[in-house]
Number of protein chains: 2
Amino acid sequence: MKENNKLYVVGIGPGQYSKMTMEAQEVLTQCEVIAGYTVYVNLLKECFSDKDYIVTGMTKETERCRLALQSAASGKTTAMVCSGDAGVYGMAGILLEMGEAYPEVEIIVVAGVTAALSGAAVLGAPLGHDFAVISLSDLLTPWEKIEMRLKCAAMSDMAMAIYNPSSKKRKDYLKRACEIIQEYQAEDIVCGFVKNIGREGESYQILSLGELADAQVDMFTTVFVGNSQTRKVGNRMVTPRGYV
Amino acid sequence: MKENNKLYVVGIGPGQYSKMTMEAQEVLTQCEVIAGYTVYVNLLKECFSDKDYIVTGMTKETERCRLALQSAASGKTTAMVCSGDAGVYGMAGILLEMGEAYPEVEIIVVAGVTAALSGAAVLGAPLGHDFAVISLSDLLTPWEKIEMRLKCAAMSDMAMAIYNPSSKKRKDYLKRACEIIQEYQAEDIVCGFVKNIGREGESYQILSLGELADAQVDMFTTVFVGNSQTRKVGNRMVTPRGYV
């Protein structure tokens, strides 16, 4: 394996430059090529203008991975960037799978702050105890499976971070999720959501599960559902670490 | 509120300095006082030698919070450091709760890379789809509640990151957890664990659920349980993003 057949998969955090790890910043500084989805790459171009870029749209992930693997195989140190973490609903898995066809490329995963953590910091400490991370996107997952996970998380009183709570085609998914949760949790448990985490227009709201069902959220929103012990402390959301 | 009545709760990541966010590094550079548990503070003293330190042992968390709040209330910009994230089993929640008695202090939460993410990066991408984060420590949580969560996560085919899988007093807890999971998942699903993430002696192993039950883990180990789709890819653990 040559020193420069390296492909880094880098979680860059929620978007604000300073919320990236120093390791991620070092990798991006040292690599020759940066690959990523249009929106994230545009955020980086201002800071790393001397790189070659591989940019593809949202549905072109396989293509992007192939180009990144080819770039690393050709001897250029390459970084594939993902918003949030590299692994959580990110590109690390598919790259490792496709990378089996490129044994000369060493794939290195660089973790980042996923929206569950960056959004939680805005709200206070909603994930201070056991929690589940669940995406409502049924593009690659049967809705029945998503329902089962919501049900099981609620049944066992886990707090939740909910990704992809809504999109143009799935306007009522959060309402449906809240109805499932409410079969096991009280209507007044403390919930919250954060829009545009770490970006311009960041805002948050703390509200009850009943109110959450009718909240206006979009694809740039991360939703938090508390457990039975979660409290509103001032204007923050806190899930205590223990039950005693 | 004065500009310098600020108390930051800072997740410093798994231990290696470069795995901290730039925001965390900036806060630690600019604050006057750093509060934390002995072990984490010792890691920081080399890099930030010009600070006042508030150091207390592992069980003295309430005391540490009180001293940090008093420090901020006295006008010294103060940072309370946590390993991993500030909120996930961290100090953000208790500080926000105790902070109600110090309305003059502004508490700011700075997210960090929790062991679920930093450990996942070492293994590959074990948390590429929905997952649960569950601690096996029953110091503050009834064991029945922990069992219920393991059961529900397994039943709904969620991957898991398991914190505190063992301690001197709880040597058989991971085995018990694996037995519960095995009621719903096959004995051969892909699991893994990472020891000393981001520190000297970092190591990992990928193994089956059946083998995990008898694995030697300690309090510096984070355990990962795959879902039914998780695969071993080369020497890495990958949970695909979708079911199609």
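Whatever comes next refers back to the structure up there.
Given the structure is predicted, the values throughout are model-derived calculations rather than measurements. (Residues numbered from 1 in each chain as written. Chains lettered and ligands numbered in written order. Predicted model: local features only at pLDDT ≥ 70, side-chain atom pairs only at ≥ 80, totals over all residues. Heavy atoms only, no water.)

### Overview of the environment of Asp 85 of chain B
Logical step 1: With respect to the secondary-structure elements, Asp 85 of chain B resides in the loop between β4 (78–82) and α4 (92–98).
Logical step 2: Taking the C-alpha atoms as reference points, Asp 85 of chain B and Val 190 of chain B, 105 residues apart in sequence, are found 26 Å from one another.
Logical step 3: Those residues in contact with Asp 85 of chain B that lie beyond four places of it in its chain are Leu 117 of chain A together with Gly 11, Gly 90, Ala 111, Gly 112, Val 113 and Thr 114 of chain B.
Logical step 4: Reaching out from Asp 85 of chain B, the side chain makes a polar contact with the backbone nitrogen of Val 88 of chain B at a distance of 3.1 Å. (Helix = DSSP H or I, 4+ residues; strand = E, 2+ residues; numbered from the N terminus. Contact = heavy atoms within 4.5 Å. Polar contact = N/O pair within 3.5 Å; in protein donor to acceptor, adjacent residues only side chain to side chain.)

### So, the relation of the copies chain B and chain A
Logical step 1: Least-squares fitting of chain B to chain A yields an RMSD of 0.0 Å, with the transformation described by 0.0 Å of translation along the axis and a rotation of 180°. As the rotation angle and translation indicate, the two copies are arranged about a two-fold axis.
Logical step 2: The residues that chain B uses at the interface reappear at the interface of chain A in 98% of cases, marking a shared surface. (Least-squares fit on C-alpha atoms with pLDDT ≥ 70 in both.)

### Some words on the interface of chain B and chain A
Logical step 1: Between chain B and chain A, the residue contacts involve 64 residues of the former and 63 residues of the latter.
Logical step 2: Buried area between chain B and chain A, both sides added, is near 5600 Å², and the carbon and sulfur share of it is 61%.
Logical step 3: Applying the counting rule to chain B against chain A returns twelve salt bridges.
Logical step 4: One salt bridge connects Lys 145 of chain B with Asp 157 of chain A, and the closest N-O pair in it is separated by 2.9 Å.
Logical step 5: Applying the counting rule to chain B against chain A returns 34 residue pairs in polar contact (both at pLDDT 80 or more).
Logical step 6: Residues belonging to the side of chain B that touches chain A are distributed by class as follows: 31 nonpolar, 19 polar and 14 charged.
Logical step 7: Bridge count for strand β7 (residues 131–135) of chain A against strand β7 (residues 131–135) of chain B is three bridges, and the pairing is antiparallel. Its bridge partner lying in β7 of chain B, Ala 132 of chain A is registered against Ala 132 of chain B. (Buried area = accessible area lost by both parts, 1.4 Å probe. Salt bridge = Lys/Arg side-chain N within 4 Å of Asp/Glu carboxyl O. Nonpolar A, V, L, I, M, F, W, Y, C, P; charged D, E, K, R; others polar. Pairing = 2+ DSSP bridges.)

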